[in-house]
Amino acid sequence: MTDLPKTYDPAAVEPEANRVWTDEKLFHAEPTDPGKPYAIVIPPPNVTAALHLGHALNNTLQDILTRWRRMAGDNAIWLPGTDHAGIATQTVVEKRVLAEEGKRRTDFARDEFVKKIQTWKDEYEVRITEQLKAMGCSCDWDRQAFTMDEPRAKAVREAFFQLFKEGLIYRGKRLVNWDPATQTALADDEVEMEEVDGHFYYLKYPLESESGTGDSPVASGQRHGQVAHATMEYVTVATTRPETMLGDTAVAINPKDPRAAQLRGKKIRLPIVNRVIPIIEDDYVVLPDPKSDDPKAQFATGFLKVTPAHDPNDYEIGLRHKLPMINVLAPDGTISDQHGWPTEDFDQAGEDLQNLLGLDRFEARRAVVEWFKRNNLLEEVKPYRHSVGHSYRSHVPIEPYLSDQWYCKVTDARLAGAALRAMSREQFESSRSTGFQPVSSDQNNGHGFQTHATDWEGQLKFFPPRYAKTFQTWHENIRDWCISRQLWWGHRIPVWSKMFPASTWHDALKHLLTRKYKNRLATTMVTSSDSCFVLPRDTMTVYMCVAPGNEDVEQELERLGFEQDPDVLDTWFSSGLWPMSTLNWPEQTPELEKWNPTHTLCTAREIITLWVSRMVMFNLYFLNRLPFSEVFVHAMIQDGEGRKMSKSLGNGVDPLDIISSHGADAMRFTLTLMTTNTQDVRMPVERDPKSGKNTSPKFDIGRNFCNKVWNAVRFAIMNLEEARRHEGTEARREEVDETRWSLADRWIVSRFNRTIAACDEALTNYRFDQYAKGCYDFFWGDLCDWYLEAIKPAMRDPARQGQTANVLAAVLDGSLRLLHPMIPFITEVLYWRLNEVRPERGLPGRIMCCTSPRLIRAAWPRAGEVTETAEALFPKLQEIIGAIRNLRNDYKADPKKRVTVSISASGETAGTIESNRELIELLATCTLGRVTSDLSAPANAARATAGGCEIFVEGLVDESADRERSARRRDELVKSIASMKGRLANPSYVSKAPPHLVKQTQDQLAELEAELAKLG
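Positions within a chain are numbered from 1, following the residues in the order the chain's sequence is written. Where totals are concerned, whole chains, interfaces and linings use all residues; where local detail is concerned, this predicted model gives features only for residues with pLDDT of at least 70, and gives and counts side-chain atom pairs only at 80 or more. Heavy atoms from the whole structure form the basis of all side-chain values; hydrogens and water molecules are not counted.

On to the overall build of the chain. Helix and strand counts for the chain stand at 34 helices and 32 strands. Oriented by its inertia axes, the alpha-carbon framework of the chain measures out at about 120 × 90 × 65 Å. Each residue is placed in one exposure class: buried if its accessible area under a 1.4 Å probe, protein chains only, is under 20% of its type's maximum, exposed if it is over 50%, and partly exposed if it falls in between. The burial tally for the chain puts 54% of its 1016 residues in the buried class. Any two residues having at least one pair of non-hydrogen atoms within 4.5 Å are treated as being in contact. By sequence separation, contacts in the chain at least 24 residues apart represent 78% of the contacts at least 6 residues apart. A total accessible area of about 44600 Å² is found for the chain, and carbon and sulfur atoms account for 49% of it. In the chain, 126 positive and 143 negative side-chain charges are present, and the distance between their average locations comes to 2 Å. A run of H or I in DSSP becomes a helix once it reaches four residues, and a run of E becomes a strand once it reaches two; helices and strands are each numbered from the N terminus. Accessibility throughout is a Shrake-Rupley quantity obtained with a 1.4 Å probe, and a residue counts as covered only by protein chains that appear here. Think of it this way: Lys and Arg go in the positive column, Asp and Glu in the negative one, and His and the chain ends go nowhere. Positions of charges follow a simple convention, taking NZ of Lys, CZ of Arg, CG of Asp or CD of Glu.

Shown next, in the form of structure tokens:
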């Protein structure tokens, strides 16, 4: 039998518990195991770096849910894995290689550089896994996945092929969010808006003269586009990005603008480029109004430069008016004539345009502004603070960029429409913008297709409910998802392409379209007019998507001169398949059938659109069922000043540092207690002078609680061990007999059962803070502060010891079970010791304790009956004992000296006090004298009212000294009352003083008068 050390040492306890869990495979589950399915998929951490405190919070909560449901008898599984994080991982490896080798990615062959990224991935995947294990995460490590391993790659290929075949993936010429730093496209939800200080530049564009020479003088004395009626010589446009004017293909005016009629049919000769462009009319253009509350109207001139290839709003105008789209930027953000800029511009432009080529976009901005200033075409520059999109990875401003990309048609009713139909009826808000209602019907559902009832409709719920609005709004306003990325690290797009003469492509590929290849290939075509790039006329680019596992088809395509697309898929494409691919879809495995749908997704709010949305759409599309029924969005951890934790700010906290200084259980408890339904939680960060590592005093709460658990359970087990020795090593425990229980026994059992119910409700509703607080209040407050103290006499009395030991063992067992999901290491080890000392425990009908060799596999306690009478009476004793303790403290009585107490009480209260004399005397360090209804106040007694009776603690009061003290206080009160009455009687004070000060004076006066009345 192993004795528990006197001092709790998490560094000794945690590895031992982890070893047992691992050796005995206690985290592993099989589809054939009993119990209803309960599964959670881990939000796969990126292999870019080690885990941070946000991961510790997220994974603690998932582990609590998994351990809770496993103990509750469910066939529970937590599926672990990591994400390849395409842009982020490639970026950090590129920086590392540049720093260490002085080489860029393009200095390597593609496969060679990918191997370097794979090495990084292997290193950090191991590190992340070890961090998760150190935190106590009970993941099924036998099923660990990676978004680019073979089973997940197969899932990606199959999903892409099915979507491509159904026309839900297509090649398109669109304006995309472009990251010039990583040189790849981004989806809308990968762009973060940041407020920046910029400028509005007012540029004069000369009107083209009727002779077509464009050499008319610029009008003077005209500002902000106010074209003179007599000599209309220029218009003024306002822009925050002057460098994009090189790609202007029109100037727009609102048709309601009074100047529109005069300019109808006119043209502009674009400065620098010398390109002649039309003036068009469009309702989008903001009318200028310096007095408007709208900043756009305040800064507007009424003339809008239209650059369709470099602005999303201009792009829409360009489509409406069939304007040319001229891309003037290279992928790295420099001015370039190699990416869709017509050569004729350079034939008619001068040296000034040539000098701009190769300049960075911000250098070009300065150069363009300088050119306009030098040529008297810069009217004005105004400071302007506005919101600019930034890449969520490189954090540089994104560029709207015209590009050929692959898109997933998420706007289709089978995707976004299905996601909306899945929303809970209670959480869905009717929307006039779409006319959509999430109800099953054979009628058109507002998204253009016929729907039929499914068992997943209305089943998706968000906790807290406010995040359902984020999900709904996203899908109601969703745009097709750009899924191609110009990277090397990721799932390469499984499409092969080749250009053919439009009239001959079918004959050239006739054998590929036969039955032999038909079900293994999907085909689409793009004509020269559909592409951003300049293609020969009358050509057709044929795109072939190959189903997974058809290497012979790929080889045949390559033999015919087809080339595989160099781009990779957006990371979120593979992540969107996570609830399926972790269970080895597209194979129809027992695991997939058992655990998909999963139950709960635990995640952060910033990836509701990035990840939650895609998982819902994909799971519904491919399996016709939800990926999960409940989404819990947890709070974000900030430092004490409300800032996001980061390495650059130096305010980050490494979970392993906290585990080293406080223990994993202490960290988990603190994080759980902090997880309220608020949006963010603050954690003050301090530097530990000894280790030089960041920590937080918040974690002391968890450490103190774990120490209390250790010491209290150790003390209780020592008492149980002593009771066992009295019973004899061969003797069975005494049979449970409730009639012999004390009031304290009945009370603690009832309180425990009430706590079980509260914890069940808290966990069901994802109120982790309430779960933690409920456990804390019961264990520290009820069990330690009261019950363990109350039973000391009984545990020393052989006549009462057996029944009290029964109750203590059962409550102790149940407490460890309740605490286990939150602080698993310490509870597991203490449970082993309890098994050794008291293998048989439980209170039939009250607390069921079917013992288990390991706590992780023990049954979750079920709430039994509560005893209302005990819960009503025992608190009265607590109040009485508390009142006696307070009087002792107030009068500074010797803590070890027993005082005499008399109590004026009657009826049931008096009977309860009499039958619990021993308890009161023990916990209040007193000798209980008379308990009667006709009690006269003893001399020199301090008095208090509590528990429905009057309490007298004798010998504490020196009457003469007390009279003197009362007299002095009475004089003080009389003077203060007179002063306040005088102040309030002064009309000047009442009329001129702030109302809250007058009210404060009135309240103070009332309090002083009440105190004076008590003194008599």
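Turning our eyes to something else, we now look at the side chain of Asn 75. The residue Asn 75 is located in strand β2 (residues 75-79) in this model. Assessed through its relative accessible area of 3%, Asn 75 is described here as buried. Side-chain polar atoms of Asn 75 contact the backbone oxygen of Glu 30, separated by 3.0 Å. Ignoring sequence-local partners within four residues, the contact set of Asn 75 consists of Ala 29, Glu 30, Pro 31, Asp 33, Pro 34, Gly 35, Lys 36, Pro 37, Tyr 38, Lys 594 and Trp 595. A 3.5 Å cut-off defines polar contacts: any pair of N or O atoms within that distance qualifies, except that in protein one atom must be a possible hydrogen donor and the other a possible acceptor, and neighbouring residues in sequence count only when both atoms are side-chain atoms.

Values of pLDDT, which run from 0 to 100, indicate the predictor's confidence residue by residue. Here the chain shows a mean pLDDT of 89. Residues at 70 or above account for 93%. In the predicted structure, residues 213-230 sits below a pLDDT of 50 and forms 40 contacts with residues beyond four places in sequence or in another chain.

Read across the open sheet, the three strands follow the order β15-β24-β23; overall the sheet is parallel. Taken across any chain shown, the strands that pair with only one partner, and hence form the sheet edges, are β15 (461-463) and β23 (600-603). Between one strand axis and the next, the sheet turns by 20° as a mean value, whatever way the strands run. Two strands qualify as a pair provided DSSP detects at least 2 bridges between them. Pairing of β23 with strand β24 (residues 630-633) involves four bridges; the strand directions are parallel. Across the sheet, the residue bridging to Thr 600 is Glu 630, located in β24. For helices, the axis comes from a line fit to the C-alpha atoms of the stretch in contact; other axes are also lines fit to C-alpha atoms, and the angle between any two N-to-C directions lies between 0 and 180 degrees.

Another aspect to go through is empty space enclosed by the protein. Over the atoms, a rolled probe matching the size of one water molecule traces out where space is still vacant. Cavity means a closed set of points on a 1 Å grid over the protein atoms alone, one where a 1.4 Å probe fits but cannot get out, pocket means an open set with protein on both sides within 12 Å along at least 5 of 7 lines, and lining means a residue has an atom within 4 Å of a point. Grid points are joined across faces, edges and corners, and a volume is the space filled by probe spheres set on the points. Under the defined criterion, the tally for this structure stands at two cavities of 30 Å³ or more. Taken as a whole, the largest cavity encloses approximately 50 Å³ of empty space. Lining of the largest cavity is provided by Gly 86, Ile 87, Glu 190, Tyr 392, Arg 485, Leu 487, Trp 489, Val 568, Leu 569, Asp 570 and Thr 571. Looking at the lining of the largest cavity, the elements that each hand over two or more residues are α3 (86-101) and β22 (568-569). Across the lining of the largest cavity, the residue classes tally to six nonpolar, two polar and three charged. Each pocket or cavity is described by its volume, and for the second largest cavity that value is around 30 Å³. Lining the second largest cavity we find Leu 873, Lys 876, Leu 877, Ile 880, Thr 909, Thr 912 and Ile 913. With four residues, helix α29 (residues 868-890) is the single largest residue contributor to the lining of the second largest cavity. Under the grouping applied here, Gly and all other residues not named as nonpolar or charged are polar, the nonpolar ones being Ala, Val, Leu, Ile, Met, Phe, Trp, Tyr, Cys and Pro and the charged ones Asp, Glu, Lys and Arg. For the lining of the second largest cavity, the residue count by class is four nonpolar, two polar and one charged.

With that settled, the discussion passes to the pairing of strand β32 (residues 949-953). With four of its five residues buried, β32 lies for the most part within the structure. Taken together, the four bridges between strand β29 (residues 899-904) and β32 define a ladder with antiparallel strand orientation. Considered in β32, the bridge of Val 901 is made with Val 953. Taken together, the five bridges between strand β31 (residues 942-946) and β32 define a ladder with antiparallel strand orientation. The residue bridging Arg 943 from the neighbouring strand is Phe 952, located in β32.

Turning next to the side chain of Gln 486. Among the secondary structure elements, Gln 486 is positioned in the loop between β17 (484-485) and β18 (495-501). We classify Gln 486 as buried; its relative accessible area is 16%. Here Ala 185 takes part through its backbone nitrogen, which lies 2.9 Å from a polar atom of the side chain of Gln 486. Within the local environment of Gln 486, its side chain forms a polar contact with the side chain of Asp 567, the two groups lying 2.8 Å apart. Excluding residues that lie within four positions of it along the chain, Gln 486 makes contacts with Trp 178, Thr 182, Gln 183, Thr 184, Ala 185, Gln 405 and Asp 567.

Moving on: the pattern of salt bridges. Should a side-chain nitrogen of Lys or Arg be within 4 Å of a carboxyl oxygen of Asp or Glu, the pair is scored as a salt bridge. Per the stated rule, a full pass over the model turns up 67 salt bridges. A salt bridge links Asp 63 to Arg 668, with the nearest nitrogen and oxygen atoms 2.7 Å apart. Taken as a pair, Asp 63 in helix α2 (residues 53-71) and Arg 668 in helix α22 (residues 664-674) lie far apart in primary sequence, 605 residues in all. Taken as a pair, Asp 63 and Arg 668 share a single burial class, namely buried.

Pairing is antiparallel in the open sheet, where four strands are placed in the order β6-β5-β14-β16. Strands at the two margins of the open sheet, each flanked by one partner only, are β6 (184-186) and β16 (481-482). In the sheet, strand β14 (residues 399-408) pairs with β16 via two bridges, with the strands oriented antiparallel. Among the inter-strand pairings, Tyr 407 is bridged to a residue of β16, identified as Cys 482.

In this model α2 runs 27 Å from its N-terminal to its C-terminal C-alpha over 19 residues, within 8% of the 27 Å that 1.5 Å per residue would give. Burial within α2 is extensive, with 17 of its 19 residues counted as buried. Within two residues after α2, Gly 73 carries a phi angle of roughly 100°, on the positive side. For a helix, the expected span equals 1.5 Å multiplied by the residue count minus one.

This paragraph deals with the pairing of β18. The pairing of β18 with strand β20 (residues 539-546) spans seven bridges and is classified as antiparallel. Counted as the bridge partner of Pro 501 is Thr 539 from β20. The pairing of β18 with strand β21 (residues 563-564) spans two bridges and is classified as antiparallel. In the strand pairing of β21, Ser 497 is matched with Glu 563.

Let's shift gears to the packing of α3 against helix α4 (residues 110-135). Contact geometry of α3 with α4 gives a least axis separation of 10 Å together with a crossing angle of 105°. Taken as axis vectors, α3 and α4 run roughly perpendicular relative to one another. Residues Thr 89, Gln 90, Val 92, Val 93, Glu 94, Arg 96, Val 97 and Glu 101 of α3 pack against Phe 113, Lys 116, Ile 117, Trp 120 and Glu 123 of α4. Of the residues in the contact of α3 with α4, the class split is six nonpolar, two polar and five charged. Angular relationships are summarised with four words: roughly parallel below 35 degrees, roughly antiparallel beyond 145, roughly perpendicular across 65 to 115, and oblique for the angles in between.

So, on to the environment of Leu 175. Position of Leu 175 among the secondary structure elements: in strand β5 (residues 169-179). For Leu 175, a relative accessible area of 17% gives the class buried. Sequence-wise, Leu 175 and Pro 400 are 225 residues apart; in three dimensions their C-alpha atoms are separated by 6.0 Å.

Among the nonpolar cores identified, the biggest contains 219 residues, and Phe 160, Phe 573, Leu 577, Ile 903, Ile 913 and Ile 951 are the most heavily contacted of them. Apart from the residues within four sequence positions on either side, Phe 160 is in contact with Ile 169, Ile 483, Ile 493, Pro 494, Val 495, Cys 545, Leu 569 and Phe 573. Take the buried Ala, Val, Leu, Ile, Met, Phe, Trp, Tyr and Cys residues and link them wherever side-chain atoms come within 4.5 Å; each set so joined is a nonpolar core. Ranked by size, the runner-up nonpolar core spans 41 residues in total, among them Val 251, Ile 272, Ala 349 and Leu 377.

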